[in-house]
Amino acid sequence: MAEDNDLDIGASTTPGGDPNPGAAARNPLLEPSNPLVTDLEQEVLDEYARLLDNLHKLSSSLADLAGSPASLTLDGLRMLERKTATVYTLLKASVYSIVLQQQIINDGEANPGGGGGGGDVQSMSMLEGDDTVTN
């Protein structure tokens, strides 16, 4: 029985796609005009058909990955890891900058006089400086 399943999976990963094209068209229960199937049931059947198609695509993608040399896959994953780390670092820096700007604004509101108004000018120059660094 397990061998039959393996054969079916192998057949579905062929370049032609579905091993039995037009099977849905021949099944009278899958036709939209069938009075025995409600609209909800038809939607569920359509979702299952989409799921089946996605599983066939996933299966063929996995077969392609399994067929390619491992070194190429690892090189691609290393590149993806570097890019992800860069994006994470930039996101973290942006969040830190926003928090710092908010603290400066809150400190400026808490000390409105702050030494003769110099605190507001200093806060504005720091905000402008942070904008030039992040952009």
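Note on numbering: residues in each chain are counted from 1, in written sequence order. For a predicted model such as this one, the threshold for reporting local features is a pLDDT of at least 70, and the threshold for listing and counting side-chain atom pairs is 80 or more; totals across whole chains, interfaces and linings nevertheless cover every residue. Where side-chain values are given, they derive from all heavy atoms of the structure, hydrogens and water being excluded.

Caption draft 1: Structural view of the confidence of the model for the protein chain. Of the residues in the protein chain, 61% reach a pLDDT of 70 or more, and the chain-wide mean stands at 73. Here helix α1 (residues 2-12) stands out as the element of the protein chain with the lowest mean pLDDT, 39, in contrast to helix α4 (residues 70-110), whose mean of 93 is the highest. The quantity known as pLDDT measures the predictor's confidence residue by residue, on a range of 0 to 100. Only heavy atoms matter for contacts: two residues are in contact if any of them lie within 4.5 Å across the pair. A low-confidence stretch, residues 1-19 stays under pLDDT 50, and its non-local contacts, those more than four residues away or across chains, total 9 contacts. Confidence over residues 116-135 falls short of pLDDT 50; this stretch has 12 contacts with residues more than four positions distant or in other chains. Every helix listed is a DSSP run of H or I at least four residues long, and every strand listed is a run of E at least two residues long, numbered separately from the N terminus.

Caption draft 2: Quick look at the pattern of salt bridges. The rule for a salt bridge is simple: a side-chain nitrogen of Lys or Arg has to be within 4 Å of a carboxyl oxygen of Asp or Glu. Scanning the model with the defined rule gives 3 salt bridges in all. Measuring nitrogen to oxygen at the nearest pair gives 3.5 Å for the salt bridge that ties lysine 57 to aspartate 53. Of the two residues, lysine 57 and aspartate 53 both sit in helix α3 (residues 39-67), 4 residues apart, roughly one turn of that helix. By relative accessible area, which is 49% here, lysine 57 ends up partly exposed. The rule is simple: take the accessible area with a 1.4 Å probe, protein chains only, and divide by the maximum for that residue type; under 20% is buried, over 50% is exposed, in between is partly exposed. Under the relative-accessibility criterion, aspartate 53 is labelled partly exposed at 38%. The closest approach of N and O atoms between aspartate 75 and arginine 78, which form a salt bridge, is 3.0 Å. Here aspartate 75 pairs with arginine 78, and both are found in helix α4, just 3 residues apart, close to one helical turn.

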